[in-house]
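Residue-level structure breakdown
Given next are the chains, with one letter for each unit.
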Amino acid sequence: MHVIAEGLFTDEATPRLIGGRHRQSGRIVFPCPQGEEFEPWPLGREGTLWSFTVQRYRPKSPPYAGPEAFRPWIVGYVELPGEVIVESRIVNIGFDEVRIGMDLELTFVPLDPDAAEPVMIHAFQPKGATA
Amino acid sequence: MSDVYIVGIGIHPFGRTDGLSGLDQGVYAVRQALSDAGLDWPQLQFAYGGSDAAGNPDTMVERLGLTGMQFINVRNGCAAGGSALFSAQMAIKSGEFDLGLAVGFDKHPRGAFNAMPAEYNLPDWYGEAGYMITTQFFANKITRYMHEHGISATSLGRVAEKAFRNAVHAPHAWRRAEVPLDEIMNAPLVSDPYTKYMFCSPAEGGVALILASEKKARELGRPLIKLKAATMRTRPPGSFEVFAPCIDIERGGSATNLASAAAFEAAGLGPKDIAVAQLQDTEAGAEIMHMAENGFCADGEQEAWLAEGRTEIGGALPVNTDGGCLACGEPIGASGLRQVYENVVQLRGDGGGRQVPNDPKTAYSHVYGAPGVSAVTILER
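In what follows, the accompanying structure is described. Fair warning: this is a prediction, and the values are worked out from it, not measured in the lab. (Residues numbered from 1 in each chain as written. Chains lettered and ligands numbered in written order. Predicted model: local features only at pLDDT ≥ 70, side-chain atom pairs only at ≥ 80, totals over all residues. Heavy atoms only, no water.)

**Topic: the overall build of chain A**
- Helix and strand counts for chain A come out as zero helices and eight strands.
- In sequence order, the secondary structure elements of chain A are arranged as β-β-β-β-β-β-β-β.
- By the compact-globule yardstick of 14 Å for 131 residues, chain A fits well, its C-alpha radius of gyration being 15 Å.
- Principal-axis analysis of the C-alpha atoms gives chain A an extent of 45 × 30 × 30 Å.
- Counting over 131 residues, chain A shows a buried share of 50%.
- In chain A, 48% of the contacts between residues at least 6 apart in sequence involve partners at least 24 apart.
- Seen as two clouds, the 12 positive and the 18 negative side-chain charges of chain A have centres 5 Å apart. (Helix = DSSP H or I, 4+ residues; strand = E, 2+ residues; numbered from the N terminus. Rg over C-alpha atoms; globule rule 2.2 N^0.38 Å. Buried < 20%, exposed > 50% of the residue type's maximum accessible area, 1.4 Å probe, protein only. Contact = heavy atoms within 4.5 Å. Lys, Arg positive; Asp, Glu negative; His and termini not counted. Charge placed at Lys NZ, Arg CZ, Asp CG, Glu CD.)

Structure representation (structure tokens):
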């Protein structure tokens, strides 16, 4: 899998997001900050939707590196129990079906679905959903 | 320590002004403020200036006069104007100076602000994947808030409707035509639940405020508008800010909570003592959330406040009497100072069609900016 950045996802068959755990306080953040204060901390794959919106216009490039052709997407925050609330795309669900509190699981989607070797980014989808 | 008074105000109309740079608009505002105070440029001893995208404010001296004055540039996101004012008042309070300037101006390209991850200590992938967008944060914040506190989409629409209605009477506002509630509600969505009328746009404009010590203010003989408090704070643990790849599960306060509490303490006043308020309303929900974050109501009470018109110009607490950011747009460096300009207009009784009735004696302003900074002022006549 061609991923958008090194150190963001674990190198497992079913990857996880790599957060950071503060060595003293135990506070967990995402992504894992540089430096010695935080240790890498693979995050749980399941959580619940904390909030969401729909991105309805193409972000400016740079910094956005997605395709010229724009299709709106859901962007939200997912609460991973006991860890942290992570910002993420929310996929494989209709804009009218998404609800705060719904159960979600981690997945990965291409930044440009039409690219030959797509760059993969993290996303969450309803538990058990398929594309 | 000297008390601080605002003795002169100036503004270049907000919106889009082709042919004038941001700095031009700042210079225009400074000259108007000098005229308002009955002063000449060489009499000013110092300046603090805010601009995010229109160049270094200290270069104004080439246009206004090379007097050798102290001039410090301030860059603090959308709180730049409030931060410039905070800094300027400290120069007088400390006894160092008697007379100085807080100025802000800006000029942004059309379309959404285009922030870069590195400026906010974030990795490049965050922007590449499409997260480096303020509207996503604001929409996520209000969606959660509406869910927790029972705020309806209609309330968002009412805030925008009020903004455009108030701005009809504000000569410096950009959008000065009323928009009916159903048109606001049925307009295209930008970031759900916000329609295009519920977000402000990057804009242009300039504002200048001249500050004086009590002794100097009395000499000038202008209406005595006292700066009772000016505070600026950054975010505490557990807050939820612009450009946040993650949030702590354990929720905390906000930069606004801290700046507001500090301002009320410094002024020796409480929220019930305030007669008029300008609250950061880069989008309709921000005004709603900031009503509670600044202590004017409890979370959820906004629904009744808006339905009953309590934040209208004739209401118990008029909010954003010149149409706020929604109607004026947001030139980052000038925005916070526009709020204080508007408050001075209100306290002098010069608001015309937007004048708050019953002779208001206190006024409050609040700005919020990325990545989690707030500034608050309290004025008293």
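**Some points on the nonpolar core**
All names here are of chain B.
- If you look at the biggest cluster of nonpolar residues, it comprises 134 residues, and the most contacted ones within it are Y194, L209, L211, Y364 and I378.
- Among the elements that make up this core, the one with the highest residue count is helix α13 (residues 332-348) (seven residues).
- Here L211 is in contact with V4, Y5, I6, L85, A88, Q89, I92, D98, L99, G100 and L227, once residues within four sequence places are set aside. (Core = buried A, V, L, I, M, F, W, Y, C linked by side-chain atoms within 4.5 Å.)

**As for the pairing of strand β12 (residues 373-380) of chain B**
All names here are of chain B.
- Taking burial as the measure, the eight residues of β12 include seven buried ones, the bulk of the element.
- Here eight bridges tie strand β8 (residues 225-234) to β12, and the two strands are oriented antiparallel to one another. Of the residues in β12, the one forming a bridge with K226 is E380.
- Strand direction decides the pairing type here: strand β11 (residues 362-369) and β12, joined by eight bridges, are antiparallel. Looking at the pairing, Y364 lines up with I378 of β12.
- Hairpin connection of β11 to β12: three residues between the antiparallel strands, including G372 at a positive phi of 115 degrees. (Pairing = 2+ DSSP bridges.)

**Topic: the pairing of strand β10 (residues 276-279) of chain B**
All names here are of chain B.
- Of the two faces of β10, the one holding V276 and Q278 and the one holding A277 and L279 are both buried throughout.
- With four bridges joining them, β10 and β11 adopt parallel strand pairing. Bridge pairing in β11 places Q278 opposite S365.

**Describing the interface of chain A and chain B**
- Between chain A and chain B, the contact holds 42 residues from the first and 36 residues from the second.
- Between chain A and chain B, roughly 3,300 Å² of surface is buried when both sides are summed, and carbon and sulfur atoms account for 59% of that area.
- Here D192(B) and R56(A) are joined by a salt bridge, their closest N and O atoms 2.6 Å apart.
- Applying the counting rule to chain A against chain B returns 19 residue pairs in polar contact (both at pLDDT 80 or more).
- Elements supplying a minimum of two residues to the side of chain A that touches chain B: β2 (28-29), β4 (46-55), β5 (73-80), β6 (84-90) and β8 (120-126) of chain A.
- Each residue belonging to the side of chain A that touches chain B can be placed in one class, and the counts come to 27 nonpolar, eight polar and seven charged.
- In this structure, β6(A) lies alongside strand β9 (residues 246-247) of chain B, joined through two bridges in antiparallel fashion. (Buried area = accessible area lost by both parts, 1.4 Å probe. Salt bridge = Lys/Arg side-chain N within 4 Å of Asp/Glu carboxyl O. Polar contact = N/O pair within 3.5 Å; in protein donor to acceptor, adjacent residues only side chain to side chain. Nonpolar A, V, L, I, M, F, W, Y, C, P; charged D, E, K, R; others polar.)

**Thoughts on the sheet that holds strand β3 (residues 38-42) of chain A**
- Spatial ordering of the open sheet is given by β2-β1-β3 (chain A), a layout of three strands whose pairing is antiparallel. Both outer strands of the open sheet, β2 and β3 of chain A, are each paired with one neighbouring strand and no more.

**Things to note about the sheet that holds strand β4 (residues 99-107) of chain B**
Residue and element names in this part refer to chain B.
- Ordered in space as β3-β2-β4-β7-β1-β8-β12-β11-β10, the nine strands form an open sheet in which the pairing is mixed. Of all strands in the sheet, those bounded by a partner on one side alone are β3 (70-74) and β10. Recorded for the sheet is a direction-independent mean angle of 20 degrees between the axes of neighbouring strands.
- Across the sheet, helix α3 (residues 80-93) lies against β1 (4-15), β2 (46-50), β3, β4, β7 (204-213), β8, β11 and β12, angled at about 165 degrees from β2, the strand it touches most. (Axes fitted to C-alpha atoms, helices over the stretch in contact; angles between N-to-C directions.)

**Let's talk about the environment of G352(B)**
- Along the chain, the position of G352(B) falls in the loop between α13 and β11.
- Considering only alpha carbons, one finds G352(B) and E183(B), 169 residues apart in sequence, at a separation of 27 Å.

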